[in-house]
Amino acid sequence: MLIVLLAYERSSQSYIPLQRNSKFSGMKELPCPTVYIEHDSTILLVCQPAPTTMTSAFSPTRAWWKSAVIYQIYPISFFDSNGDGLGDLPGIYQKLDYIKALGADVIWLCPIYKSPLADMGYDISDYQSIDPRYGTLEDWDRLLAGVHERGMKLLMDFVANHTSDEHEWFKESRSSKTHPKRDWYIWRPPRYDENGQRHPPNNWKSIFQGPAWEYDETTEEYFLHLFVKEQPDLNWENTAVRNAIWDTMRFWLDRGCDGFRLDAINMISKAHGLPNAAVTDPGSELQPAALLYVNGPRVHEYLREMNQKVLSCYDAMTVGETSVTHNPDDIAAYVLPENKELNMVFQFQVMDIDAGGVEGGAEAVIPLAYREWKLLELKTITERWQLFKREQGYWNALFLENHDHSRSVSRYGNDTLQWRAASAKLLALYHTTQAGTLYVYQGQELGMANFSKTWDLTEYKDVATINFRKQELEKRQKAQGKIDVDMSDVLEGFQRKARDHEILGCVLMTTMCTGGTRRPKMKTPTVY
């Protein structure tokens, strides 16, 4: 029998091996509170830090977010309080004691602002209103009060790269070339070829496939959208845009919000002149262009301004999303304290470990395509980031799941009946024994798995999966000259990695938990 004792080292905020093959006659001999995990011939005894007498986990002498466990909620699929099949703010309020009992210190809410839901609520039509699906501002105030009463904090998801095309700012911007808000967004005239055919201003492909430009008949120009066409990109070059963003952040901080997760924050600055991307896909008019809109020339200037004018005035935490960025030094620039930008960022090397095209670098990553990976790769990534620039103050954001990525037990483990529990426990141990701030996605604590592999391609409804499926189908039909083509590898990729698995109804939404009379409008997995 192998027995491993892991002890919590406060100075490094991590767990270290103390003893192997130690002889313990019982739990009473252990030097501190433990979590006991047994599987086959191995016992893991995780020695936890001594309990505190404080009502909150936060130390008055340490940045509070360094000691926090953050629980992420995708509200529409979390808990339904009124039986309409949609999760809501009162439903979250009802589950605050449950979340607190898990050991969470912070709740991160995915967007609850008014939105047409073209992209899961990340298309915001009013930054200062709660979408009626979820409740009201008064419901938010009550939720915030309940969170604070329990010694927890509340983190809002803030989308600053783009808005909804139904936002009043964009409606005004598209109304006329002379409107004062015209340059709040990125507009360009068409290009015409020698045959007089109209083309977008450059060859950029959007993150969700298709062109990154949409033609607007009203003013006969194109607007840029890095995501779906209903999400026009804001023009951060415009000082008025930045000031409007600062005002919106202050609105929530003044109301009591404790910080922000900043969506797609490394995309707010684009390459000067918006040049064509290098041709890496000769068979397509559209080219991957991340190198021209990720980590742009003014991104750090903008974030220092955000910090100076807003964040430094509050005791607020920030975590940025920095996808399509694999260079550690590029990521560190957002986080190192001397730069005065963000507290931490989500870097995606573990998320991209099974991505097709990853060998070609961040620009070549195909998130929904699957490739086999080896344990040594995971160990190498983990060691790199656990040791990376620690002396200079770099801080990790630790996550295995979120609203953009599928269930970890299905993706990195084995979700069969025989191995699912052991896989979930092993992943939990891996996740919680690293140095950094811990993020847990709703249902992850239950070992929720991806939905059934019997579901076919038509069951996948997320915009990213729909667009990728359409692109791959058309590409294969054209290449093979026939309609009926093999898409089994695409289905396998979706089964492992599609966002659909995370945004489906959490098991907390089911009638067994809510006592409600209606099932959620989203399908609910049966394996958890």
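Everything numeric here is computed off the predicted structure, so don't read it as measured data.

Asks: Outline the nonpolar core, supporting the account with residue identities and numerical values.
Replies: Leu 109, Trp 140, Met 249 and Tyr 439 are the most contacted members of the largest nonpolar core, which totals 101 residues. The element that contributes the greatest number of residues to this core is helix H5 (residues 239-255), accounting for 7 residues. Discounting residues that sit within four places of it in the chain, Trp 140 has contacts with Leu 89, Leu 109, Ile 112, Ile 130, Leu 154, Met 156, Trp 252, Arg 255, Gly 256 and Cys 257.

Asks: With reference to specific residues and values, describe the packing of H5 against helix H7 (residues 299-309).
Replies: Direction vectors running N to C along H5 and H7 enclose 45°, while the axes themselves pass 11 Å from each other. On the basis of the axis angle, H5 is oblique to H7. Crossing angle aside, the handedness with which H5 passes H7 is right-handed. Residues Arg 242, Asn 243, Trp 246, Met 249 and Arg 250 of H5 lie in contact with H7, whose contacting residues are Tyr 302, Glu 305, Met 306 and Lys 309. Grouping the constituent residues of the contact of H5 with H7 by class yields 4 nonpolar, 1 polar and 4 charged.

Asks: Go over the pattern of salt bridges, please, and point to the residues and values.
Replies: Within the structure shown, the criterion is met by 23 salt bridges. Between Glu 305 and Arg 242 there is a salt bridge, with the nearest N and O atoms lying 3.2 Å from each other. Taken as a pair, Glu 305 in helix H7 and Arg 242 in helix H5 lie far apart in primary sequence, 63 residues in all. The buried category is assigned to Glu 305, whose relative accessible area is 12%. Counted as one network, the salt bridges with shared partners bring together Asp 157, Arg 261, Asp 263 and Glu 321.

Asks: Which residues make up helix H4 (residues 168-175), and what are the values?
Replies: Within the span of H4, buried status applies to Trp 169, Phe 170 and Ser 173. Mapping the buried residues of H4 onto a view down its axis gives an arc of 90°, with all of them on the same face. In this structure, the buried residues of H4 make contact with strand E8 (126-130), strand E10 (187-188), strand E14 (221-224) and H5.

Asks: Outline the sheet that holds strand E5 (residues 69-73), listing residues and values.
Replies: Strand-to-strand pairing in sheets goes through backbone hydrogen bonds, with the strands running parallel or antiparallel. Strand order in the open sheet made by the 8 strands is E17-E16-E15-E9-E6-E5-E21-E20, with parallel pairing throughout. Two strands lie at the open edges of the sheet, namely strand E17 (344-346) and strand E20 (397-398), each paired on one side alone. Pairing of E5 with strand E21 (residues 437-441), which is carried by 4 bridges, proceeds in the parallel orientation. The residue bridging Gln 72 from the neighbouring strand is Tyr 441, located in E21.

Asks: Now, about the side chain of Ser 125: what can you tell me, with residues and values included?
Replies: Looking at the secondary structure, you find Ser 125 in the loop between strand E7 (113-114) and E8. When sequence neighbours within four positions are dropped, the list of residues in contact with Ser 125 reads Lys 114, Ser 115, Pro 116, Ser 164, Glu 166, His 167 and Glu 168.

Asks: Break down the packing of aromatic side chains for me, citing the residues and quoting the values.
Replies: Tallying each qualifying case throughout the model produces 28 aromatic pairs. With a centroid separation of 5.0 Å and an interplanar angle of 90°, the aromatic rings of Phe 251 and Trp 252 are classed as edge-to-face. On the accessibility criterion, Trp 252 (0% relative accessible area) is buried. An aromatic cluster is defined as three or more aromatic residues linked by ring pairs; in this entry it consists of Tyr 113, Tyr 127, Trp 140, Phe 158, Trp 169, Trp 184, Phe 251, Trp 252 and Phe 260. One Lys or Arg, Arg 150, reaches over the ring of Tyr 93 and ends 5.9 Å from the middle of that ring. The residue whose ring lies beneath Arg 198 is Tyr 215, and the NZ or CZ to ring-centre distance is 3.6 Å.

Asks: Explain empty space enclosed by the protein to me, and be specific about the residues and the numbers.
Replies: Over the atoms rolls a probe the size of a water molecule, and in doing so it shows where empty space is left. This structure, assessed with the given rule, holds 1 cavity of 30 Å³ or more. Size it by volume and the largest cavity reaches roughly 180 Å³. Where the lining of the largest cavity is concerned, the elements lending two or more residues are helix H9 (375-387), E20 and helix H11 (420-432). When residues of the lining of the largest cavity are assigned to their parent elements, the largest contribution, 4 residues, is made by H9. A class-by-class count of the residues in the lining of the largest cavity yields 9 nonpolar, 6 polar and no charged.

So, how was this worked out
- As a convention, each chain's residues are numbered from 1 in the sequence order in which they are written.
- Owing to the predicted nature of the model, reporting of local features is limited to residues with pLDDT of at least 70; listing and counting of side-chain atom pairs is limited to 80 or more, with chain, interface and lining totals taken over all residues.
- For side-chain calculations, the full set of non-hydrogen atoms in the structure is used, while hydrogens and water are omitted.
- We define the nonpolar core as a collection of buried residues of types Ala, Val, Leu, Ile, Met, Phe, Trp, Tyr and Cys that are connected through side-chain atoms lying within 4.5 Å of one another.
- Only protein chains enter the accessibility calculation, which uses a 1.4 Å probe. A residue is then buried if its area is under 20% of the maximum for its type, exposed if over 50%, and partly exposed in between.
- Starting at the N terminus, helices and strands are each numbered in turn, a helix being any DSSP run of H or I of at least four residues and a strand any DSSP run of E of at least two.
- Residue contacts are defined here by distance: any two heavy atoms, one from each residue, within 4.5 Å place the two residues in contact.
- Simply put, an axis is a line fit to the C-alpha atoms, just over the touching stretch for a helix, and the angle between two N-to-C directions goes from 0 to 180 degrees.
- Any angle that falls under 35 degrees is termed roughly parallel, while one over 145 is termed roughly antiparallel, one within 65 to 115 roughly perpendicular, and all others oblique.
- Throughout, a crossing is termed right-handed when the near helix is turned clockwise from the far one, and left-handed when it is turned anticlockwise from it by less than a right angle.
- Under the scheme applied, nonpolar residues are Ala, Val, Leu, Ile, Met, Phe, Trp, Tyr, Cys and Pro; charged residues are Asp, Glu, Lys and Arg; polar residues are all the others, including Gly.
- Salt bridges are defined as contacts in which a side-chain nitrogen from Lys or Arg sits within 4 Å of a carboxyl oxygen from Asp or Glu.
- Picture the helix axis, draw a direction to every C-beta atom, and the arc is the one those directions span.
- DSSP-based pairing: two strands are paired if at least 2 bridges between them are found.
- Working definition: rings of Phe, Tyr and Trp (its six-membered ring) pair if their centres are within 6.5 Å, and the pair is stacked with planes under 30 degrees apart, edge-to-face with planes over 60 apart, and tilted otherwise.
- The rule is short: NZ of Lys or CZ of Arg within 6 Å of the ring centre and within 35 degrees of the ring normal puts a charge over the ring.
- Every definition here rests on a 1 Å grid over the protein atoms only: cavities are sets of points where a 1.4 Å probe fits but cannot get out, pockets are open sets enclosed by protein on both sides within 12 Å along at least five of seven lines, and lining residues have some atom within 4 Å of a point.
- Grid points are joined across faces, edges and corners, and a volume is the space filled by probe spheres set on the points.

The values reported here are purely geometric and, on their own, carry no functional implication.
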